[in-house]
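As a plain string of letters, each chain reads:
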Amino acid sequence: MEQNSDKVFKKELGLLGGTMLVVGSMIGSGIFIVSADIARQVGSAGWLSAIWLLTGLLTIIAAVSYGELSAMFPKAGGQYVYLKEAYSKLIAFLYGWSFFAVIQTGTIAAVGVAFSKFASYLYEPFSEQNIILTFLFFKLNAAQIVAIVTIIFLTFLNSKGVKSGKILQTILTIFKIVSLIGLLIFGFILAAKSEIWQSNWTNAFHLQSFDKTENNWVQISGTGIIAALSAGMVGSVFSSDAWNGVTFIAGEIQNPKRNVGLSLFLGTFIVSVLYFLTNMMYLSVLPFPEIAFAQSDRVAVVASQNIFGASGTVIIALMIMISTFACNNGLIMAGARVYFTMAQDGLFFKKAALLNKASVPEWALWIQCVWASVLCLTGKYGDLLDFVVIIVLIFYILTLFGIFILRKKLPNAERPYKAFGYPFVPSFYILVALSLCLGLLLTKFSTCGWGVLIMLSGIPIYYLTKQKKGL
């Protein structure tokens, strides 16, 4: 592993590559699964649709607002750099710490196991029920091994240069966009039924949640509305995340002052439209109870079976495998650039700041691979969704508020692009995201509280790291 501190990033990615990175990192397994849980939280087609619309709007607002920051600071590290410039190294470190400990590596692990779960449809021995090794309380299953192997393979591929990862990302992302559009077209043409659509939209905004303990629907009013909508948005926000990965790799984007911001807008717009249309397809093909209570929440599998018959399971399994594989390629490629920038600031392992002969941070890639693989083995990542989302939202809020700070702090700085609708549009995002965070803390403190605790645990680590200066 030849490493060199004198090497610089190669600008291998253009507008298409950047956009495909955004789209490929966003579309994983979530859109095929999370609508079931959202349906149980809000209980009607209107609210299910409204949550996906609001999530899409918020995602696009955040992305176009980031365009100002990406144009001001067009270098590797993205959000970490923006937080450092707007606030301090401490705030930036807390983001980087949370990013490494949970956000990026936990997502990589979850997406890897999602790949293996759907691979087991095609080859049953890959199932998590296939226990390979038992030691005391620890059980190693085949799904975990498959997940780790895919993470290692994609890490190896990206260690050979950004061009290899870019080509794979572009090909797989285009394929999964075309596949998802195909699923929508066939769904609307072959399986949509007017009576199902009309039934689903009867009392479309009747808000109710399914109570597992009572095994019955419960009407919602008053403060329960905030709780239900907050809980419902966890899945849609999680499914729409990772769009900011292109900012981490800005040092390898051609003409980053233009292409990073444009990639953010195009990528988030494409995905938000596809997500909304996919849910409209679900509502035209499946009665609402079949969406809410799909087996193992696999709504897309049920829809695909209605569209294609018995072969639907195989078709959707292949789609999700390709989707998750491309998603993890984008996550792995982008994540290592944050650790690279942190290491340059003396806030991460020194070796993470070195580039190999292919001009990529190979050591950072492998340390990310190791920790993501450990998270695969814990089997706990599925429980992390709530506090991953709350950490993500907290730092999105801080980053967008950073635009206001930098307007005052650096009034004369060059801004090739300015945040759309400033100050009203970014303010709208901040207020809605704050409400969502408060709703999650009030209703899911047992999980979200842990998320905040993990983030805050970075404070003593920051000062210890600072003393050692470079770990």
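See above for the structure.
What counts and how
Residues numbered from 1 in each chain as written. Predicted model: local features only at pLDDT ≥ 70, side-chain atom pairs only at ≥ 80, totals over all residues. Heavy atoms only, no water. Helix = DSSP H or I, 4+ residues; strand = E, 2+ residues; numbered from the N terminus. Rg over C-alpha atoms; globule rule 2.2 N^0.38 Å. Contact = heavy atoms within 4.5 Å. Areas by Shrake-Rupley, 256 points an atom, 1.4 Å probe, with all protein chains shown as cover. Buried < 20%, exposed > 50% of the residue type's maximum accessible area, 1.4 Å probe, protein only. Core = buried A, V, L, I, M, F, W, Y, C linked by side-chain atoms within 4.5 Å. Phe/Tyr/Trp six-rings, centres within 6.5 Å; stacked < 30°, edge-to-face > 60°. Pairing = 2+ DSSP bridges. Axes fitted to C-alpha atoms, helices over the stretch in contact; angles between N-to-C directions. Parallel < 35°, antiparallel > 145°, perpendicular 65-115°, else oblique. Left-handed = near helix turned anticlockwise from the far one by under 90°. Salt bridge = Lys/Arg side-chain N within 4 Å of Asp/Glu carboxyl O.

### Looking at the overall build of the protein chain
For step 1, the next point in the chain: Looking only at helices and strands, the protein chain has 19 helices and six strands in total.
For step 2, the next point in the chain: By the compact-globule yardstick of 23 Å for 471 residues, the protein chain fits well, its C-alpha radius of gyration being 22 Å.
For step 3, the next point in the chain: Each principal axis of the C-alpha atoms in the protein chain carries an extent, and together these give about 65 × 50 × 45 Å.
For step 4, the next point in the chain: Taking the intrachain contacts of the protein chain between residues at least 6 apart in sequence as the baseline, contacts between residues at least 24 apart amount to 81%.
For step 5, the next point in the chain: A total of about 19100 Å² of accessible surface is found on the protein chain, and carbon and sulfur atoms cover 67% of it.

### Here we look at the environment of Val-234
For step 1, the next point in the chain: Along the chain, Val-234 falls in helix α9 (residues 224–239).
For step 2, the next point in the chain: Relative accessible area serves as the criterion here: at 3%, Val-234 is assigned to the buried category.
For step 3, the next point in the chain: As for Val-234 and Ile-51, which are separated by 183 residues in sequence, their C-alpha atoms are 9.9 Å apart.

### What about the nonpolar core?
For step 1, the next point in the chain: Among the nonpolar cores identified, the biggest contains 149 residues, and Phe-32, Trp-243 and Tyr-429 are the most heavily contacted of them.
For step 2, the next point in the chain: Per element, the largest residue contribution to this core is 17 residues, and it comes from helix α5 (residues 89–122).
For step 3, the next point in the chain: Sequence-distant contacts of Tyr-429, defined by excluding residues within four places in its chain, comprise Leu-58, Ile-61, Ala-62, Leu-393, Tyr-396 and Leu-400.

### Examining the packing of aromatic side chains
For step 1, the next point in the chain: Under the counting rule described, the total for this entry stands at 29 aromatic pairs.
For step 2, the next point in the chain: Ring geometry for Phe-73 versus Tyr-82: centroids 6.4 Å apart, planes at 35 degrees, classification tilted. Residue Phe-73 shares its accessibility class with Tyr-82, and that shared class is buried.
For step 3, the next point in the chain: Look at Tyr-95 and Phe-99: their rings are 5.6 Å apart centre to centre, the planes differ by 40 degrees, and that puts the pair in the tilted class. Of this pair, Tyr-95 and Phe-99 both sit in helix α5, four residues apart, which is roughly one turn of the helix. By the burial criterion, Tyr-95 is buried, and Phe-99 matches it.

### Regarding the pairing of strand β2 (residues 131–135)
For step 1, the next point in the chain: Bridging between β2 and strand β3 (residues 138–141) involves four bridges; their strand directions are antiparallel. Along β3, the bridge assignment pairs Leu-133 with Leu-140.

### Here we look at the packing of helix α13 (residues 299–308) against helix α14 (residues 312–344)
For step 1, the next point in the chain: Put simply, α13 and α14 touch, their axes get as near as 7 Å, and they point 130 degrees apart. In terms of orientation, α13 and α14 fall into the oblique class. Handedness of the crossing formed by α13 with α14: right-handed. Residues Ala-300, Val-301, Ser-304, Gln-305 and Phe-308 of α13 form the contact with α14, whose participating residues are Gly-312, Thr-313, Ile-315 and Ile-316.

### What about the side chain of Gln-208?
For step 1, the next point in the chain: Relative to the helices and strands, Gln-208 is located in strand β4 (residues 208–211).
For step 2, the next point in the chain: In contact with Gln-208, other than residues within four places in its own chain, are Arg-40, Gln-41, Val-42, Gly-43, Trp-217, Val-218, Gln-219 and Ile-220.

### Section: the pattern of salt bridges
For step 1, the next point in the chain: According to the stated counting rule, one finds eight salt bridges in the structure shown.
For step 2, the next point in the chain: Residue Glu-68 pairs with Arg-407 through a salt bridge whose shortest N-O separation is 2.8 Å. Within this pair, whereas Glu-68 is found in helix α3 (residues 45–72), its partner Arg-407 is found in helix α16 (residues 385–409), the two being separated by 339 residues in sequence.
For step 3, the next point in the chain: Given the relative accessible area of 0%, Glu-68 is considered buried.

### So, the environment of Asn-215
For step 1, the next point in the chain: Locating Asn-215 in the fold gives a position in the loop between β4 and β5 (216–219).
For step 2, the next point in the chain: Given a relative accessible area of 58%, Asn-215 falls into the exposed group.
For step 3, the next point in the chain: Between the C-alpha atoms of Asn-215 and Pro-125, which are 90 residues apart in sequence, the distance is 34 Å.

### Structural notes on unusual backbone geometry
For step 1, the next point in the chain: Here the bond from Tyr-422 into Pro-423 is cis, since omega is 0 degrees, no more than 30 degrees from zero.
For step 2, the next point in the chain: For Pro-423, the location among the structural elements is in the loop between α16 and α17 (424–443).
For step 3, the next point in the chain: The phi dihedral of Asn-255 is positive, around 50 degrees, even though this residue is not glycine.
For step 4, the next point in the chain: Within the fold, Asn-255 resides in the loop between α10 (245–248) and α11 (256–285).
For step 5, the next point in the chain: With relative accessibility at 47%, the residue Asn-255 sits in the partly exposed group.
For step 6, the next point in the chain: Within the chain, Ser-359 stands out as a residue other than glycine whose phi angle is a positive 65 degrees.
For step 7, the next point in the chain: Here Ser-359 is to be found in the loop between β6 (355–356) and α15 (362–378).

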